[in-house]
Amino acid sequence: MFDTMWSTSKAVAMNQDILTLFKAEGDDFSWEAGFTLSEMNSLGPKSLQVVVKTLMGSSKLWHSIFLSNPASVEAKRRDIKCCMDALDIFDKAPAKKQLSDRSVIFPCYSFMNAIAKTMTYVPPNNMSREEFEETMAENFVKETHYQQYHHCRALAFQADVMKRHGKYEDALSVIDVMKSIYDPQLHSRVLVKEYVTDQCSDLVAASTFWLNHYGRNDEALRLCDQVVETMLPEIESTELLTKLTILVPICRTLINQRQTSAAKEALELFKEHVSDPAALAGKKAHPAMSMCVPIMIILKCCSSGGEPYADLVTDLAYMLNRNDPVWFETTCLAFLDAAWSTMCAQAYMCLAKITGCNSQLQDKSSALIKEGLKCLEESANTLKKEDGTIVNSMAHSYYSQILSELENLSAPV
């Protein structure tokens, strides 16, 4: 661990030395001060590329330091500032006009989007978060217009920003444009190579649930088939987190059909591509893969037609003794349009419905309902800001639905 920390600190120092080369004579580069407008204007095209790459690399290094020590305010601040500075310099430097290939800036847009999804930050120039992120997304789309797979990624980014600020129908329109360009066989693996993940397939899959939510169910089901048939096969078998992100909205859409056959289809998909491989990987799997258990419980309950299933007792024991990491709550909200506590509440509710009708397990039902309602208290806190505004309308609608069903279940007959 200490070797890693030392090498990271050394890399940060080396990057600072590189950036000093592009400062005015006699000035050292400071992470806080960055570059002046005069220094930006003096950069040539090659120098601009070096500065942007070095700032982006520095942002990732500071991010690594922050993740190893979340209490480090300095690491978090410098992580965000390096990425913002790279974007600002590329936007303002006149040398940008001399670059025929602008792909050097694309990872900065992608990384800033990841920061915006998972961290708190203060936008520059007194901009609101929404204004800053929407402007950033528009700029990314413009820069990538003539480079197709980058352009697909930029459109996915734009749709992601729109949905994050509650503009789901606008996001659906952008995704329609993206789908007209995006070819999974041609673009998916190169996107993963360039950006680590294929956000295009992520957003298309997420949109299946949005379409279902807005009553466009036939479109949603056709798109589910399209994702499973053309996008899922392009994902490496080891990329379980990506498969989780893609299949959860599809499974939720299938469950919402209220048909046992559709629920069974969802169960088989999730079991084959996510749950079984995650169990096989064991401790080598990403920590988020423990989300599989409550999700599988929901799918098994919906597939069983309300009847007890093979490992019901094991699932009851798991849910009544679960201990999930705190970060599941907001990570699930950022990537799956649902508070994790709401998904767990649904799992408790599904189990309560089955146990409530079974004389041998009836004593578990009230405990499950109680735990479900406790989860929803957490959801209520997650989904509303201090001023009462709703954080995510899609997630709040889901929360309201589960709350209503659980309250009806807990009401005396």
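About the criteria used
- Residues numbered from 1 in each chain as written.
- Predicted model: local features only at pLDDT ≥ 70, side-chain atom pairs only at ≥ 80, totals over all residues.
- Heavy atoms only, no water.
- Salt bridge = Lys/Arg side-chain N within 4 Å of Asp/Glu carboxyl O.
- Helix = DSSP H or I, 4+ residues; strand = E, 2+ residues; numbered from the N terminus.
- Buried < 20%, exposed > 50% of the residue type's maximum accessible area, 1.4 Å probe, protein only.
- Core = buried A, V, L, I, M, F, W, Y, C linked by side-chain atoms within 4.5 Å.
- Contact = heavy atoms within 4.5 Å.
- Axes fitted to C-alpha atoms, helices over the stretch in contact; angles between N-to-C directions.
- Parallel < 35°, antiparallel > 145°, perpendicular 65-115°, else oblique.
- Left-handed = near helix turned anticlockwise from the far one by under 90°.
- Nonpolar A, V, L, I, M, F, W, Y, C, P; charged D, E, K, R; others polar.

**Q** Help me understand the pattern of salt bridges in this model?
**A** Opposite charge on two side chains allows them to pair when their charged atoms are near. For the structure on display, the rule yields 27 salt bridges. The residue aspartate 85 makes a salt bridge to lysine 81 at a minimum N-O spacing of 2.7 Å. Taken together, the residues span about one helical turn, with aspartate 85 and lysine 81 both in helix H4 (residues 73-92) at a distance of 4 residues. You can call lysine 81 partly exposed: its relative accessible area is 24%. In this structure, the salt-bridge partner of glutamate 371 is lysine 374, at a minimum N-O distance of 3.4 Å. Highlighted residues: glutamate 371 and lysine 374, both in helix H18 (residues 362-383), separated by 3 residues, approximately one helical turn.

**Q** Whenever I open this one, the nonpolar core confuses me. Can you help?
**A** Here is a general trend for soluble globular proteins: nonpolar side chains tend to be buried in one another's company. Residues Met112 and Phe270 are the most contacted members of the largest nonpolar core, which totals 136 residues. Top contributing element to this core by residue count: helix H17 (residues 340-356), with 11 residues. Setting aside its immediate chain neighbours within four residues, phenylalanine 270 contacts Leu244, Leu247, Val248, Cys251, Ser275, Cys292, Ile295, Met296 and Leu299.

**Q** When you look at the packing of helix H12 (residues 240-255) against helix H14 (residues 292-303) in this model, what are you seeing that I'm missing?
**A** Remark: H12 packs on H14, axes separated minimally by 11 Å, with the N-to-C direction vectors making an angle of 25°. The angle between H12 and H14 places the two elements in the roughly parallel class. You can see that H12 and H14 cross each other, and the crossing is left-handed. In this structure, H12 uses Leu244, Val248, Cys251 and Ile255 to contact H14, whose residues at the interface are Ile295, Ile298, Leu299 and Cys302. Grouping the constituent residues of the contact of H12 with H14 by class yields 8 nonpolar, no polar and no charged.

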